[in-house]
Amino acid sequence: MQTNGARVSGHRSARSVDFTKIYLDPPPGYENPVDYVGQMSRDGMTVVGMWSLADMNGTFEMHREEGVAEREEAGTAETVPASGMPF
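Residues numbered from 1 in each chain as written. Predicted model: local features only at pLDDT ≥ 70, side-chain atom pairs only at ≥ 80, totals over all residues. Heavy atoms only, no water.

Novice: So, the pairing of strand β1 (residues 6-13): which residues are in play, and what are the values?
Specialist: Sheet faces and side chains relate simply in a regular strand, where the side chains alternate between the two faces. The pairing of β1 with strand β2 (residues 16-23) spans eight bridges and is classified as antiparallel. Note on β2: the bridge partner recorded for Ser13 is Ser16. The hairpin turn running from β1 into β2, its antiparallel successor, is two residues long, and Ala14 in that turn takes a positive phi close to 55 degrees. (Pairing = 2+ DSSP bridges. Helix = DSSP H or I, 4+ residues; strand = E, 2+ residues; numbered from the N terminus.)

Encoded structure:
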């Protein structure tokens, strides 16, 4: 199995997420960006939604590992800008 690197950029507003994945040094067939739009569960542990790539689309579901949310919240608390706004 080959691992492909990717860059992900996007945003979250309340529980809505919208992001784009672009593969780095993509193999044939992976040159186009993949767009994702979804909703995060109330507990922040799951995101479900739709992906689209050129004329193809489908559904996705992502699950966060237990303990990751707590580590990320701790890291975020350390990097909040002086304005107090997280973005």
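Novice: Residue-level account of the sheet that holds β1, with values.
Specialist: Backbone-to-backbone hydrogen bonds pair the strands of a sheet. The strands run either parallel or antiparallel. A sheet is described by the order of its strands in space; here five strands give the open sequence β1-β2-β3-β4-β5, paired in antiparallel fashion. In this open sheet, the two strands that pair with only one neighbour each are β1 and β5 (56-63). Across the sheet, the axes of successive neighbouring strands diverge by a mean angle of 20 degrees, strand direction being ignored. (Axes fitted to C-alpha atoms, helices over the stretch in contact; angles between N-to-C directions.)

Novice: I'd love a proper account of unusual backbone geometry, names of residues and values included.
Specialist: When glycine is set aside, most residues are seen to have a negative phi, and most peptide bonds are trans. The backbone of Ala14 sits at a positive phi, close to 55 degrees, despite the residue not being glycine. Within the element layout of this structure, Ala14 appears in the loop between β1 and β2.

Novice: Give a detailed account of the packing of aromatic side chains, specifying residues and quantitative values.
Specialist: Evaluated as defined, the whole model comprises four aromatic pairs. Between Tyr23 and Tyr30, the aromatic rings sit 5.2 Å apart at their centres with planes inclined by 90 degrees, giving edge-to-face as the arrangement. The exposure class assigned to Tyr23 is buried, which follows from its relative accessible area of 18%. The interplanar angle of 85 degrees and the centroid separation of 5.2 Å between the aromatic rings of Tyr36 and Phe60 together place this pair among those described as edge-to-face. In this pair, Tyr36 sits in strand β3 (residues 34-40) while Phe60 sits in strand β5, placing the two residues 24 residues apart along the sequence. A relative accessible area of 12% means that Tyr36 is categorised as buried. In this structure Phe60 comes out as buried when scored by relative accessible area, which is 12%. Site record: aromatic cluster; members linked through ring pairs are Phe19, Tyr36 and Phe60. (Phe/Tyr/Trp six-rings, centres within 6.5 Å; stacked < 30°, edge-to-face > 60°. Buried < 20%, exposed > 50% of the residue type's maximum accessible area, 1.4 Å probe, protein only.)

Novice: An account of the confidence of the model for the protein chain is needed here, citing residue identities and associated values.
Specialist: When pLDDT is averaged along the protein chain, the result is 83; 76% of the residues meet or exceed 70. Mean pLDDT in the protein chain bottoms out at helix α1 (residues 68-79), which sits at 59, and peaks at β3, which reaches 97. Long-range and interchain partners of residues 83-87, a stretch whose pLDDT sits below 50, account for three contacts in this model, where long-range means more than four residues apart. (pLDDT = per-residue confidence, 0-100. Contact = heavy atoms within 4.5 Å.)

Novice: If you had to explain the nonpolar core to someone new, which residues and values would you point to?
Specialist: In this structure, Val17, Phe19, Val34, Tyr36, Met40, Val47, Leu53 and Phe60 together form the largest nonpolar core, which totals eight residues. The greatest single-element share of this core, amounting to three residues, is contributed by β3. Once residues lying within four places of it in the same chain are set aside, the contact partners of Phe60 are Tyr36, Val37, Gly38, Val47, Val48, Gly49, Met50 and Trp51. (Core = buried A, V, L, I, M, F, W, Y, C linked by side-chain atoms within 4.5 Å.)

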